[in-house]
Amino acid sequence: MNRLKDKVAIITGGANGIGKRTAALFLEEGAKVLLVDNDEEALRATVAELSQPGLESFVADVSKTADVVAYAKRAKELFGSIHVFFSNAGIEGGSSPIAEYPDEMFDRVMAVNLKGVWLGCKYVIPHMEDGSSVIITSSVAGLKGFPGLGAYVASKHGTIGVMRTAALEYAPRNIRVNSIHPGPVHTQMMRRIEMEISPENARQARENFEASIPLGRYAEASEIASLTLFLASDESRVITGSTYVIDGGMATA
């Protein structure tokens, strides 16, 4: 307990899934949290469900500069400091071969998944305290290819480049920047991916994914949150520029 005592964290994509579970864990560990999401209704429901002191929310589209500047400013206004930035917002963008993939959907996936990380690093990190931690949610798809998920794969590969560059640029301030790479996780996003891949039998898509995971199962959002907590805490104070794979061995298969 209290591994994040007196710390302030911003979590994007905070209304559901990994972001929501990480927020709950951070609050348990003593942090104050600003949850950011573009889904106002879901964000309101999450705040009501977690219902803890030190939890605030902000509706924003992470792909828009003005929104990113606004949520960073709001965190400073509310709490005075920022110590942890969990850049977690992302979308899957549907499934189809590259030759059939809609250009407008490619642009949207890149805007949220890659530009959203870029803008967060550009506009949030300068407001963070020296010695702070940035955690970027990439994916096992940032390390290998998946047929039909080309835009998602490309965006998640791109986040690694942003992470490594930011790690070098902010090292003089002792700000750590790392990425996490989950495999399939029991979240709404994964349910949508399963349905996109196999509309008539989403369960079969899930079983196919599970068969490709050496440990034989999806991760739970709480397991991703635990890794994120480690990287947010002072226990990881000498770790930066690293890719943390949490995929049950999927990337090695």
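Heads up: the structure comes first, above all this text.
Residues numbered from 1 in each chain as written. Predicted model: local features only at pLDDT ≥ 70, side-chain atom pairs only at ≥ 80, totals over all residues. Heavy atoms only, no water.

**Student:** Just checking my understanding: could you explain the nonpolar core for this structure?
**Tutor:** Nonpolar side chains in soluble globular proteins tend to end up buried together. I10, Y71, V124, M128, V134 and V177 are the most contacted members of the largest nonpolar core, which has 33 residues in total. Elements represented by at least two residues in this core include exactly β1 (8–12), β2 (32–37), α3 (65–79), α4 (103–123), β5 (133–137) and α5 (150–169). With six residues, the top contributor of residues to this core is α4. Other than its neighbours up to four places away in sequence, Y71 contacts I10, T12, L34, V36, F58, A60, V62, F85, G120 and V124. (Core = buried A, V, L, I, M, F, W, Y, C linked by side-chain atoms within 4.5 Å. Buried < 20%, exposed > 50% of the residue type's maximum accessible area, 1.4 Å probe, protein only. Helix = DSSP H or I, 4+ residues; strand = E, 2+ residues; numbered from the N terminus. Contact = heavy atoms within 4.5 Å.)

**Student:** Help me understand the packing of α4 against α5, please; the structure alone is not making it clear to me.
**Tutor:** Two measures define how a pair of helices packs: the angle their axes make with one another and the distance between the axes. Packing of α4 against α5 leaves a shortest axis separation of 9 Å and a crossing angle of 15 degrees. It follows that α4 is roughly parallel to α5 by the angle criterion. The element α4 and its partner α5 pack so that their crossing is right-handed. Residues F106, V109, M110, N113, L114, V117, W118 and C121 of α4 form the contact with α5, whose own contacting residues are A151, Y152, A154, S155, K156, G158, T159, V162 and A166. Counted by class, the contact of α4 with α5 contains twelve nonpolar, four polar and one charged residues. (Axes fitted to C-alpha atoms, helices over the stretch in contact; angles between N-to-C directions. Parallel < 35°, antiparallel > 145°, perpendicular 65-115°, else oblique. Left-handed = near helix turned anticlockwise from the far one by under 90°. Nonpolar A, V, L, I, M, F, W, Y, C, P; charged D, E, K, R; others polar.)

**Student:** For this particular structure, what's the right way to read the pattern of salt bridges?
**Tutor:** Any two side chains of opposite charge can pair if their charged atoms end up close together. Under the criterion given, the structure shown has 13 salt bridges. Among the ionic pairs, R203 bridges to E207, the shortest N-O distance being 3.2 Å. With R203 and E207 both in helix α7 (residues 202–211) and four residues apart, the pair spans about one turn of that helix. Taking the shortest distance from any N to any O, the salt bridge between R206 and E210 comes out at 3.1 Å. Of this pair, R206 and E210 both sit in helix α7, four residues apart, roughly one helical turn. Relative accessible area serves as the criterion here: at 22%, R206 is assigned to the partly exposed category. (Salt bridge = Lys/Arg side-chain N within 4 Å of Asp/Glu carboxyl O.)

**Student:** I tried to follow the packing of aromatic side chains on my own but got confused; where do I start?
**Tutor:** In this description, a pair of aromatic rings is defined by centroid distance and the angle of the planes. In the structure shown here, the tally under the stated rule is one aromatic pair. Over the aromatic face of Y218 sits the side chain of R206, whose NZ or CZ is 5.6 Å from the ring centroid. (Phe/Tyr/Trp six-rings, centres within 6.5 Å; stacked < 30°, edge-to-face > 60°. Lys NZ or Arg CZ within 6 Å of the ring centre and 35° of its normal.)

**Student:** Is there a simple way to explain the side chain of H181 in this structure?
**Tutor:** Considering the arrangement of structural elements, one finds H181 in strand β6 (residues 176–182). Judged by relative accessible area, which is 0%, H181 ranks as buried. A polar contact of 2.9 Å, which involves the side chain of H181, links it to the backbone oxygen of S139. A polar contact is formed between the side chain of H181 and the side chain of S179, at a distance of 2.8 Å. Those residues within four positions of H181 in sequence are excluded, and the remaining contacts are S138, S139, V140, L143, I160, T243, Y244, V245, I246 and D247. (Polar contact = N/O pair within 3.5 Å; in protein donor to acceptor, adjacent residues only side chain to side chain.)

So, to be careful, I would describe these as geometric facts and stop short of saying anything about function.
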